[in-house]
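Each chain is listed here by its residues.
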Amino acid sequence: MCKIYPPRIKNFRDFLIKELPRVPNNKASRAILQEKPTSKLILYYLTWQMRFIPAKPRQITFWSGGITPSELLTARTGFTEFIQKVATGQDLTPHLSNLVRTKGIVMPDASISEKGKDLDKVLIRHGLHHFHIGEMNAQNPIGRSGTLVFAEVFEKEFRIIAIADHKAFMIDTKEHKKFSSICYSYLSSQSSQGFLTNPIMSSGHSYMISMYAKQCQKYIENKDAHLDENGFIDRLFKGHPVQKPSKPDLRWYFNDLNLGILEYRSRSFFCAHSYFNR
């Protein structure tokens, strides 16, 4: 029997389940997710969402510890179209894996061929996105290529860490060993007192995201009843550029990876819990 949730939390849970692409997409898989605690739904949703890149202009930099001079020259001359997209803030989704839109989570009852394709382990463990930089044309409409760009994406910076091919994902290959060495060297360079890679849960999810998801659930449960209080709503809109609607419609919502309260009618978002400021 499914747990009974307050209406606003139930709607939030339903939203997460609806948005998260699941395999297989059927009533049975939906029922499985409905039985999960809110923190698990948030964990699945954010693990999927963190693969997307908010479209905004970013400065492009190259990490010398992972990019050789010859690779840097190739990047500056051969990846012109992709680099221009990054610099001007264009949508980079076409350069991501084809799986990001279709496999947000692969359920236990999925076929053998579908299993293991819902988690980007390089992103989870090392914080690096990978991009296909093939030129899009009639023969290659989605821009697939043998060359991948690995980068850490910040608010205003796009830092390219490595350039490799798909063998970087194949354990025990020369390319994989080289790429792994670059990743660990990069992580080490970001800390003056040594480092630990991002701990990974037995489920394959990031420990940091898992803890954040639990914090979000606790915050929602503690604050949900206050969203119906006039005093709370008045304080929410105090100093806000948008006037409070006569009948506010407050909902729990994620803006990128940040949990907050969305006033649906005015589309005003109030950040309540930020992943980047834990």
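Just so it is clear, the structure is predicted and the values come from calculations on it, not from any experiment.

Caption draft 1: Fine view of the overall build of the protein chain. Tallying secondary structure elements over the protein chain gives nine helices and nine strands in all. In terms of overall dimensions, the protein chain has C-alpha extents of about 60 × 50 × 45 Å along its principal axes. The buried share of the protein chain, taken over its 278 residues, is 46%. Excluding contacts between residues fewer than 6 apart, the proportion of contacts in the protein chain whose partners are at least 24 apart in sequence is 58%. Of the charged side chains in the protein chain, 39 are positive and 25 negative; the average position of the first set lies 3 Å away from that of the second.

Caption draft 2: Fine view of the sheet that holds strand β7 (residues 250–255). Strands sit in the order β7-β8-β9 across an open sheet of three strands; the sheet is antiparallel. Two strands lie at the open edges of the sheet, namely β7 and β9 (268–273), each paired on one side alone. If you compare each strand with its neighbour and ignore which way they point, the axes differ by 35° on average. Where strand β8 (residues 258–263) and β9 come together, five bridges link them in antiparallel fashion.

Caption draft 3: Main features of the packing of helix α1 (residues 7–19) against helix α2 (residues 27–34). Running from amino to carboxyl end, α1 crosses α2 at an angle of 140°, the nearest separation of the two axes being 11 Å. As the angle between them shows, α1 and α2 are arranged oblique. For the pair α1 and α2, the sense of crossing is right-handed. Contacts between α1 and α2 pair Arg13, Asp14 and Ile17 from the former with Arg30, Leu33 and Gln34 from the latter. A class-by-class count of the residues in the contact of α1 with α2 yields two nonpolar, one polar and three charged.

Caption draft 4: How the structure looks around α1. Look at α1: 18 Å from first C-alpha to last across 13 residues, which is about the 18 Å you get at 1.5 Å a residue. Regarding α1, the residues found buried are Arg8, Ile9, Phe12, Arg13, Leu16 and Ile17. If you follow the buried residues of α1, they end up packed against β1 (22–23), α2, α3 (38–49), α8 (207–223), β7 and β8.

Caption draft 5: Structural context of the sheet that holds strand β4 (residues 129–132). Pairing in this open sheet of four strands is mixed, and the strands run β2-β6-β5-β4 from one edge to the other. At either margin of the open sheet sits one strand with a lone partner, and together these are β2 (59–62) and β4. On average, adjacent strands in this sheet sit at an angle of 40° to one another, irrespective of strand direction. Two strands pair when backbone bridges link them, and β4 and strand β5 (residues 147–153) are joined in this way by four bridges, in the antiparallel orientation. Bridge pairing in β5 places His130 opposite Phe150. This element, helix α5 (residues 80–88), spans β2, β4, β5 and β6 (157–165) of the sheet and lies at about 130° to β2. The strands touched by helix α7 (residues 174–189) within the sheet are β5 and β6, with β6 carrying the most contacts at an inclination of about 155°.

Caption draft 6: Representation of the nonpolar core in the model. Ile42, Phe158, Ile160 and Phe254 are the most contacted members of the largest nonpolar core, which totals 56 residues. If one sorts the elements of this core by residue count, α3 sits on top with seven residues. Beyond its immediate sequence surroundings of up to four residues, Ile160 is in contact with Ile60, Thr61, Phe62, Trp63, Ile67, Val149, Phe150 and Ala151. Within the second largest apolar cluster, 13 residues are counted, among which are Trp63, Val122, Ile161 and Ile182.

Caption draft 7: Spotlight on the layout of surface pockets. Looking at the second largest pocket, its volume works out to about 670 Å³. Every residue lining the second largest pocket is counted, 24 residues in all, and those nearest its centre are Leu119, Asp120, Lys121, Val122 and Phe169. The set of elements that each furnish at least two residues to the lining of the second largest pocket consists of α6 (121–126), β4 and α7. A total of five residues in the lining of the second largest pocket trace back to one element, the largest contributor, which is α6. Across the lining of the second largest pocket, the residue classes break down as 10 nonpolar, nine polar and five charged.

Caption draft 8: Seen up close, empty space enclosed by the protein. For the structure on display, the rule yields two cavities of 30 Å³ or more. In this structure, the largest cavity occupies an estimated 50 Å³ of space. Class assignment for the residues of the lining of the largest cavity results in three nonpolar, three polar and two charged. Lining the second largest cavity are Ala162, Ile163, Ala164, Glu175, Lys178, Phe179 and Ile182. Sorting the residues of the lining of the second largest cavity by element identifies β6 and α7 as the ones contributing at least two each.

Quick notes on the rules
- Residues numbered from 1 in each chain as written.
- Predicted model: local features only at pLDDT ≥ 70, side-chain atom pairs only at ≥ 80, totals over all residues.
- Heavy atoms only, no water.
- Helix = DSSP H or I, 4+ residues; strand = E, 2+ residues; numbered from the N terminus.
- Buried < 20%, exposed > 50% of the residue type's maximum accessible area, 1.4 Å probe, protein only.
- Contact = heavy atoms within 4.5 Å.
- Lys, Arg positive; Asp, Glu negative; His and termini not counted.
- Charge placed at Lys NZ, Arg CZ, Asp CG, Glu CD.
- Pairing = 2+ DSSP bridges.
- Axes fitted to C-alpha atoms, helices over the stretch in contact; angles between N-to-C directions.
- Parallel < 35°, antiparallel > 145°, perpendicular 65-115°, else oblique.
- Left-handed = near helix turned anticlockwise from the far one by under 90°.
- Nonpolar A, V, L, I, M, F, W, Y, C, P; charged D, E, K, R; others polar.
- Expected span 1.5 Å × (residues − 1).
- Core = buried A, V, L, I, M, F, W, Y, C linked by side-chain atoms within 4.5 Å.
- 1 Å grid on protein atoms, 1.4 Å probe; cavity = no way out; pocket = protein on both sides within 12 Å on 5 of 7 lines; lining within 4 Å.
- Points joined across faces, edges and corners; volume = space filled by probe spheres on them.

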